[in-house]
Amino acid sequence: MTFLVQQTLLYAIPLMIVALAGVFAERSGIINLALEGIMIFGAFIGVLFVRMMSESSAFIAAKAAGDWATLQGLELLAMLAAAAMGAVFSLLLSFASINLRADQTIGGTALNLMAPALVLFFVRVIANQNTLFSVDAASWFMIKRSTLGIERGADLGFFGNTFLVQVYLATYICIFLFVILSIVLYKTRFGLRLRACGENPHAADSLGINVSKMRYVGTTISGALAGMGGFVYSLTTANCTANGDVAGFGFLALAVMIFGNWKPLNIAFASLLFGLFKCIAAAYTSIDINGDGVFALADLGISPHLYRMLPYIITLLVLAFTSKSSRAPKAEGIPYDKSTR
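Okay, so let's go over this structure. (Residues numbered from 1 in each chain as written. Predicted model: local features only at pLDDT ≥ 70, side-chain atom pairs only at ≥ 80, totals over all residues. Heavy atoms only, no water.)

1. Overview of the overall build of the chain
Argument step 1. What the chain contains, in helices and strands, is 14 helices and two strands.
Argument step 2. Computed over C-alpha atoms, the radius of gyration of the chain comes to 21 Å, within 12% of the 20 Å expected from 2.2 N^0.38 for 341 residues, which places it in the range of a compact globule.
Argument step 3. Dimensions of the chain, computed from the C-alpha atoms along their principal axes, are close to 70 × 50 × 35 Å.
Argument step 4. For the chain, the proportion of its 341 residues judged to be buried stands at 50%.
Argument step 5. Within the chain, residue pairs in contact and separated by at least 24 positions form 79% of the contacts whose partners lie at least 6 positions apart.
Argument step 6. Accessible area of the chain: about 15700 Å², with a carbon and sulfur share of 66%.
Argument step 7. Computed over 22 positive and 17 negative side-chain charges, the separation of the two mean positions in the chain equals 12 Å. (Helix = DSSP H or I, 4+ residues; strand = E, 2+ residues; numbered from the N terminus. Rg over C-alpha atoms; globule rule 2.2 N^0.38 Å. Buried < 20%, exposed > 50% of the residue type's maximum accessible area, 1.4 Å probe, protein only. Contact = heavy atoms within 4.5 Å. Areas by Shrake-Rupley, 256 points an atom, 1.4 Å probe, with all protein chains shown as cover. Lys, Arg positive; Asp, Glu negative; His and termini not counted. Charge placed at Lys NZ, Arg CZ, Asp CG, Glu CD.)

As structure tokens, this is what we get:
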């Protein structure tokens, strides 16, 4: 059970933070289909930052000495770098959608196509291979028993084993950001103005709100969160690699956002649901059904391909039954023009 909960959280947290990224953009009136591309770019920047810092003498010494504070500080800096470049990458979508009034769906699709090609090009130039790292760099940042000074044989109980051992600080930072930004979106003046621009931009403009500025801000926050989510995905589930692929997590995050009806609490529950099925797909050979350590899901005789397809099948089924009752912001995807009413 501990393994199942831990793995579910590892997959659910990136989904949750990237789905919230989509909410910020769409609540401002911009459809951000580029979440997949921004995640890929953010993962690349974060992993590149870790690669560059890992070659420094200070990092080598900290790793050899087991300096937990330095390693976690590097992890935080990598998250910030990924967020910053994700925000910069999202400005392409903002400029095309707001200034050029281009079709937002086509713009997001173009960024999704450009990001993996761009990342693979840079990876080949920098590392002369298909990934930036050939070692398990993610293990450098994992919080272990030795990190906390706990003896190997000590029993921490279900809570301790699940939430304190073999986890990443990035997971809890994302949960903290999710809570804070959800409060900002729904309980502050800024959040009210942002949502007004996605519901009725003309009414917002009549009250002195700069609609274009708010949409830029919403899309930039969206890009920062998606970039950070890309690096967290790479760190926690892909051994800190950057190979131009995030396994469709950007599109899954869009499904989570729609299933959650653009509301943070619903998105959190939807992320856990999708994270569970993603966990089953990735670790079905290790999941013990009845807790006896013998009978695993792999022993059911079901094709492994079906397990790998499971998250995407569930996505299709969920959207097929819930998309009709979902209520998107009224003005999303519509370029704002002051001259029209």
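From this point, the narrative continues.
2. Regarding the packing of helix 1 (residues 2-28) against helix 13 (residues 264-283)
Geometrically, a packed helix pair is captured by the angle between its two axes and the distance between the axes.
Argument step 1. Where helix 1 meets helix 13, the closest approach of the two axes is 7 Å, and the angle between their N-to-C directions is 135°. Overall, the two elements helix 1 and helix 13 adopt an arrangement that is oblique. Note that helix 1 runs across helix 13; the crossing there is right-handed. Across the interface between the two elements, Phe3, Leu4, Gln7, Thr8, Leu9, Tyr11, Ala12, Leu15, Met16, Ala19, Leu20 and Val23 of helix 1 pack against Pro264, Ile267, Ala268, Ser271, Leu272, Phe274, Gly275, Leu276, Lys278, Cys279, Ala282 and Ala283 of helix 13.
Argument step 2. Across the contact of helix 1 with helix 13, the residue classes break down as 19 nonpolar, four polar and one charged. (Axes fitted to C-alpha atoms, helices over the stretch in contact; angles between N-to-C directions. Parallel < 35°, antiparallel > 145°, perpendicular 65-115°, else oblique. Left-handed = near helix turned anticlockwise from the far one by under 90°. Nonpolar A, V, L, I, M, F, W, Y, C, P; charged D, E, K, R; others polar.)

3. Digging into the packing of aromatic side chains
Argument step 1. The tally for this structure, following the rule as stated, stands at seven aromatic pairs.
Argument step 2. Here Tyr233 and Phe249 contribute two aromatic rings whose centre-to-centre distance is 4.6 Å and whose plane-to-plane angle is 45°, an arrangement assigned as tilted. In this pair, Tyr233 sits in helix 11 (residues 211-237) while Phe249 sits in helix 12 (residues 249-259), placing the two residues 16 residues apart along the sequence.
Argument step 3. Residue class for Tyr233 comes out buried when judged on its relative accessible area of 9%.
Argument step 4. Taking 6.2 Å as the distance between ring centres and 55° as the angle between the ring planes, the aromatic pair formed by Phe259 and Phe274 counts as tilted. Of this pair, Phe259 sits in helix 12 while Phe274 sits in helix 13, placing them 15 residues apart in sequence. (Phe/Tyr/Trp six-rings, centres within 6.5 Å; stacked < 30°, edge-to-face > 60°.)

4. So, the pattern of salt bridges
Argument step 1. Summed over the entire model, instances satisfying the criterion amount to three salt bridges.
Argument step 2. A salt bridge links Arg27 to Glu199; the nearest nitrogen and oxygen atoms lie 3.4 Å apart. You can see Arg27 sitting in helix 1 and its partner Glu199 sitting in helix 9 (residues 189-199), a full 172 residues away along the chain.
Argument step 3. Here Asp337 makes a salt bridge to Arg101, at a shortest N to O gap of 3.7 Å. With Asp337 in the segment after helix 14 (304-322) and Arg101 in the loop between helix 4 (68-99) and helix 5 (104-127), this residue pair connects regions lying 236 residues apart in the sequence.
Argument step 4. According to the relative accessible area criterion, Asp337 is partly exposed, its value standing at 22%. (Salt bridge = Lys/Arg side-chain N within 4 Å of Asp/Glu carboxyl O.)

5. Comments concerning the layout of surface pockets
Where empty space is left can be seen by rolling a probe of water-molecule size over the atoms.
Argument step 1. By volume, the largest pocket is sized at about 270 Å³.
Argument step 2. For the largest pocket, the lining is made up of 16 residues, of which Gln7, Leu10, Met142, Tyr168 and Thr236 are closest to its centre.
Argument step 3. Sorting the residues of the lining of the largest pocket by element identifies helix 1 and helix 11 as the ones contributing at least two each.
Argument step 4. Sorting elements by how many residues they give to the lining of the largest pocket places helix 1 first, with five residues.
Argument step 5. Here the lining of the largest pocket is composed, by residue class, of eight nonpolar, seven polar and one charged. (1 Å grid on protein atoms, 1.4 Å probe; cavity = no way out; pocket = protein on both sides within 12 Å on 5 of 7 lines; lining within 4 Å. Points joined across faces, edges and corners; volume = space filled by probe spheres on them.)

6. Observations concerning the packing of helix 2 (residues 35-54) against helix 5
Argument step 1. Two elements in contact, helix 2 and helix 5, have axes separated by 7 Å at closest approach and are oriented at 20°. Taken together, the axes of helix 2 and helix 5 are roughly parallel relative to one another. Of the two elements, helix 2 crosses helix 5, and the hand of that crossing is left-handed. Taking contact as the criterion, the partners of Leu35, Glu36, Gly37, Ile40, Phe41, Phe44, Leu48 and Arg51 in helix 2 are, on helix 5, Leu111, Asn112, Ala115, Pro116, Leu118, Val119, Phe122, Val123, Ile126 and Ala127.
Argument step 2. Here the contact of helix 2 with helix 5 is built from residues that sort into 14 nonpolar, two polar and two charged.

7. Points about unusual backbone geometry
Argument step 1. At Arg101, a position not held by glycine, the phi torsion is positive, near 55°.
Argument step 2. Located in the positive-phi region is Ala247, a residue other than glycine, with phi close to 60°.
Argument step 3. Given a relative accessible area of 23%, Ala247 falls into the partly exposed group.

8. Remarks on helix 8 (residues 169-187)
Residue pairs three or four apart in sequence face the same way in an α-helix, which turns once every 3.6 residues.
Argument step 1. With 19 residues, helix 8 ought to run about 27 Å at 1.5 Å a step, and its terminal C-alpha atoms sit 27 Å apart, in line with that.
Argument step 2. Residues of helix 8 that are buried: Ala170, Thr171, Cys174, Phe178, Leu181, Ser182 and Leu185. Within helix 8, the buried residues cover an arc of 110° as seen down the axis, which keeps them to one side. Away from its buried face by more than 90 degrees, helix 8 exposes Phe176 and Lys187.
Argument step 3. Contacts from the buried residues of helix 8 go to helix 1, helix 4, strand 2 (167-168), helix 9, helix 11 and helix 13. (Expected span 1.5 Å × (residues − 1). Arc of directions from axis to C-beta.)

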